[in-house]
Structure formats: structure tokens, C-alpha cells
Amino acid sequence: MALIIEELNRAQRVQTRYRMDGDRFTIGRGYDNDAILEDVHADAHHVEIVRSEDGGYLLRDRNSVNGTQLMRNQRETGVEAGEVSERRIVSGDEIQLGRTHFRLVDTEEPMDEAVPLHSLENLFSRLASPVKAVSLLVLAGLLTLLIAYLGTAEEFRWTGAINIFFGSIFGLLVYAGAWALIGRVVHHESMFFTQLAIAALGALIFAGWEWFSTFLDYNFAMGNLVEIINVAILAMLLPAMLWSAIYLATNITPKWRLAAAVILPWGFLGLTLLEQVGNMAEFDGIPQISTEIKHKDMLVRSPVPLDEFVAKTPSLFDIPIEQEDKAADEAATESEPEAKAANGDDSTHNHTAGSREEAAA
């Protein structure tokens, strides 16, 4: 049996491990120690660990300036924290010397089961290449620029092209950089290029679908249905991207990772979907026709002959009138003859009176 002394950083991650097989182990800033510290708040000879007669281990403070603090025990929650001068070590004890933290663990301490690697680990390893990540980023920017160019009938200026290209790239860099920072703080690995490659791959997939959706609308005049399908595509794509980012940057459990990856994007997309469905129910008096402008070779369905289209035009714009409006029009129509009759009587009376006046004169 031996004792393992683990030096921890502020995030409780192991920086260095020492193995104590003998009867004495010393820790301090002095070069004659078994574990040499780079902490100005630790003494040259701060603490020593000695093996007792019964095979256990004793921790002794060597009259240090800042003392030795027992912080907690990793296994036992009932351990009281405080300054110690001598303590019988219990496996899992965490101590502080100056500003340096150590964890003391018995070699016979049982270990947790290994966490299985996810099936996507191989894919993430391939995407970690800087060349692949930058290539996907440039492709995403170029595809976004191409779709913008094909989707406009106006003169395409180079200033607008630069804004579109670098704007899309900048957004992906910020997204990947934010997750890389989280990973650096939490997981101590930034994995920036992997995050960037995943973000660029997601942007490529959605940009490709966006072009294909305009192709469908051009051929089949899908109207607001395209927007609803866009939301459905994002409802699958965004959770996959968010799950990958959380998996790479954090240590949360698989259940919480899945919940966060699904609930967050679905919450925002649900509001967008409700708005789109509400717009479909509204009547605006305009038939659903495609407004996409594309080359005739992009039309895969048989075009409608001009004569047939002109013949159907009245039915396309035949807007039904509400019953209340019809009743009001009918009432107005019925009142018109009465008004005309009244106006006729008045004019006859005026004409007769005028004749009498002329005769008297």
C-alpha cells in the first residue's frame, strides 16, 4: 500500500501526482523536499507525511507561517474544515499549503468505472485539424455568398459581397470562440478548431437546404410552408450542434446535456413556428404564387401554357366577400330607388311652382 499526493489547480484538476512508498515525504519550497512548490506563501519546509507503526499516515505541519488547512474530504462529508497541526490522513483528504491544494489518496481506494467514449469521438478527432476547420469555414462563407448572389435580381456590388462573406465567417468564429473559452475554463481544453469545424459544417448544411428550399418554392409555389420546413430543419440541426458543443466543452452528464441541447433551441424555434402557423391562417387576398426568380432550366415541372394560365386568372383572384358586406350592399341598393323617387317629386313640385309664377306674371 502506498499514498498518492495529488497537486490540484484552482479548478480541482490534477496537475502533478507523487507516490509515497517510503516512511517519510516532505513538501515545501526548499529544493531538498520530495514535492517542491512554487508558492511564495508556502514555507521552505512546510509539511511532512510519515508512516505510523500501524501502517497509516500522519500529516504534520512544521510550524509554517500560514499553517496547513484541511479543506474537506472527497469521500466523507462529515469532515470539519480547519487548521491542523497533526492529523491522521483519511483517504480523500484535501489540504491547502499557502495557496497550493493537495489531495491525499490511498492506492487501495476504489476507482469509478471508466466512462465509455461516444461514437462521435472519431468524427470529432478528424474535425480537429486546423486545415479542415478553416476549409469548412471558407466554404460556408462562399456558399452563403453564392446563395445571396443567386437570390437577388439587383446589381450585386463587391462591398455587399465582402459584408456577406466576412459577416458569416465572423459569426462562426465568435460562436466557436465562445465555446472554446468555456471548454478552456471548464474542461481545460479549448478544442477551438473542432468547435469551428462543427459550426461551419452546420452552416453549410443549412445554407445548402436554404438554396434547395428556394428551388422547391420556384417549382411548386410552397409559400409560407417553406418557412415552416426551415424551422423543422433548424429544430434538428441546432440541437445536434449544441449537443456537440456542450459535449466538447463541459463535463455535464449525458441526460442534462441532451436536455439542454433540445430544450434551449426548441424553445426559441417554437415561438417562430407559432408565428409562421398564424401567418398561414391569415387571409390577405393574395393567392400563394412563387416569387422566386431563377433560370428556366431550374423548372423541373411542366410549365402551364399561357392560354391556360390566363383562363384561370379570374379564379385565382376571386376573393369571397363577407356576408355582412353583402347585406350592407343589398340594403344600399334597395334604398337607391326610394331616394331617386323622392328627388323626382321634389323636382316636379319645383317645376309646377315655377310655371304658376310665370303665368301670374
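Further up the page is the structure itself.
Report on the accompanying structure.

What counts, and at which threshold
- Residues numbered from 1 in each chain as written.
- Predicted model: local features only at pLDDT ≥ 70, side-chain atom pairs only at ≥ 80, totals over all residues.
- Heavy atoms only, no water.
- Helix = DSSP H or I, 4+ residues; strand = E, 2+ residues; numbered from the N terminus.
- Buried < 20%, exposed > 50% of the residue type's maximum accessible area, 1.4 Å probe, protein only.
- Contact = heavy atoms within 4.5 Å.
- Areas by Shrake-Rupley, 256 points an atom, 1.4 Å probe, with all protein chains shown as cover.
- Phe/Tyr/Trp six-rings, centres within 6.5 Å; stacked < 30°, edge-to-face > 60°.
- Pairing = 2+ DSSP bridges.
- Polar contact = N/O pair within 3.5 Å; in protein donor to acceptor, adjacent residues only side chain to side chain.
- Axes fitted to C-alpha atoms, helices over the stretch in contact; angles between N-to-C directions.
- Expected span 1.5 Å × (residues − 1).
- Salt bridge = Lys/Arg side-chain N within 4 Å of Asp/Glu carboxyl O.
- Core = buried A, V, L, I, M, F, W, Y, C linked by side-chain atoms within 4.5 Å.
- Parallel < 35°, antiparallel > 145°, perpendicular 65-115°, else oblique.
- Nonpolar A, V, L, I, M, F, W, Y, C, P; charged D, E, K, R; others polar.

A few words now on the overall build of the protein. Helix and strand counts for the protein stand at eight helices and eleven strands. Sorting the 361 residues of the protein into buried and exposed places 33% on the buried side. Long-range pairs, those at least 24 residues apart, make up 56% of the contacts in the protein between residues at least 6 apart in sequence. Total accessible area on the protein stands at roughly 23,800 Å², and carbon and sulfur atoms take up 59% of it.

This part is about the packing of aromatic side chains. Within this structure, the stated rule accounts for eight aromatic pairs. Between Trp209 and Phe212 the ring centres are 5.9 Å apart and the planes differ by 50°, which places this aromatic pair in the tilted class. Of this pair, Trp209 and Phe212 both sit in helix H4 (residues 192-220), three residues apart, roughly one helical turn. We classify Phe212 as partly exposed; its relative accessible area is 35%. Ring geometry for Trp211 versus Phe215: centroids 6.0 Å apart, planes at 10°, classification stacked. Of this pair, Trp211 and Phe215 both sit in helix H4, four residues apart, which is roughly one turn of that helix. Residue Trp211 is classed as partly exposed on the basis of its relative accessible area, which comes to 30%. An aromatic cluster is defined as three or more aromatic residues linked by ring pairs; in this entry it consists of Trp209, Trp211, Phe212 and Phe215.

Another aspect to go through is the sheet that holds strand S5 (residues 47-51). Spatially, the five strands line up as an open sheet ordered S4-S3-S5-S6-S9, and their pairing is mixed. For this open sheet the edge positions go to strand S4 (35-36) and strand S9 (86-88), each flanked by a neighbour on one side alone.

Within the secondary structure, Gln96 is located in strand S10 (residues 93-97). A distance of 2.7 Å separates the side chain of Gln96 from the backbone oxygen of Gly98, its partner in a polar contact. Ignoring anything within four residues of it in the chain, the contact list for Gln96 reads Gly67, Thr68, Gln69, Met71 and His101.

Before going further, it helps to examine the sheet that holds strand S2 (residues 14-20). Working definition: the strands of a sheet are paired by backbone hydrogen bonds and lie parallel or antiparallel to each other. Strand order in the open sheet formed by six strands is S2-S1-S11-S10-S7-S8, with antiparallel pairing between adjacent strands. Since the sheet does not close on itself, it has two edges, and those belong to S2 and strand S8 (82-84), each with one partner. Each strand of the sheet is rotated relative to its neighbour by a mean of 30°, with strand direction disregarded. Relative to strand S11 (residues 100-106), strand S1 (residues 3-8) runs antiparallel, the two sharing six bridges. Counterpart to Glu7 in the pairing with S11 is Phe102.

A separate point is H4. The first and last C-alpha atoms of H4 sit 42 Å apart over 29 residues, in line with the 42 Å expected at 1.5 Å per residue. Just beyond H4, the residue with positive phi is Ala221, at close to 50°.

With that out of the way, let us pick up the pattern of salt bridges. Considering all chains together, one arrives at ten salt bridges under this definition. With its nearest N and O atoms 2.8 Å apart, the salt bridge here joins Arg17 to Glu6. Of the two residues, Arg17 is situated in strand S2 and Glu6 in strand S1; the sequence distance between them amounts to eleven residues. Residue Glu6 is classed as buried on the basis of its relative accessible area of 7%. For Glu94, the salt bridge identified is with Arg72, shortest N-O distance 3.1 Å. With a gap of 22 residues between them, Glu94 in strand S10 and Arg72 in strand S7 (residues 68-73) connect regions that are remote in the sequence.

Ranked by internal contacts, the top residues of the largest apolar core, which has 29 residues, are Phe124, Leu136, Leu172, Trp179 and Leu196. For this core, the elements supplying multiple residues, two or more each, are helix H1 (121-127), helix H2 (130-150), helix H3 (158-186), H4 and helix H5 (225-249). Per-element tally for this core: the top contributor is H5, with nine residues. Every residue in contact with Phe124, bar those within four places of it in the chain, is listed here: Thr194, Ile198, Trp243, Ser244, Tyr247 and Leu248. Membership of the second largest hydrophobic core comes to 21 residues, among which are Leu3, Met20, Phe25 and Val47.

Phi is positive for Asn63, close to 55°, though the residue is something other than glycine. Residue position: Asn63 is located in the loop between strand S6 (57-61) and S7. Owing to a relative accessible area of 74%, Asn63 belongs among the exposed residues under this scheme. Positive phi outside glycine occurs at Met191, with the angle close to 50°. Classification of Met191 by relative accessible area gives partly exposed; the value is 28%.

At a closest axis distance of 8 Å, the pairing of H3 and H5 adopts a crossing angle of 30°. Here H3 is positioned roughly parallel relative to H5, judged by the angle of their axes. Within the contact between the two elements, H3 uses Tyr175, Trp179, Ile182, Gly183 and Val186 and H5 uses Met241, Leu242, Ala245, Ile246 and Ala249. Looking at the contact of H3 with H5, its residues break down into nine nonpolar, one polar and no charged.

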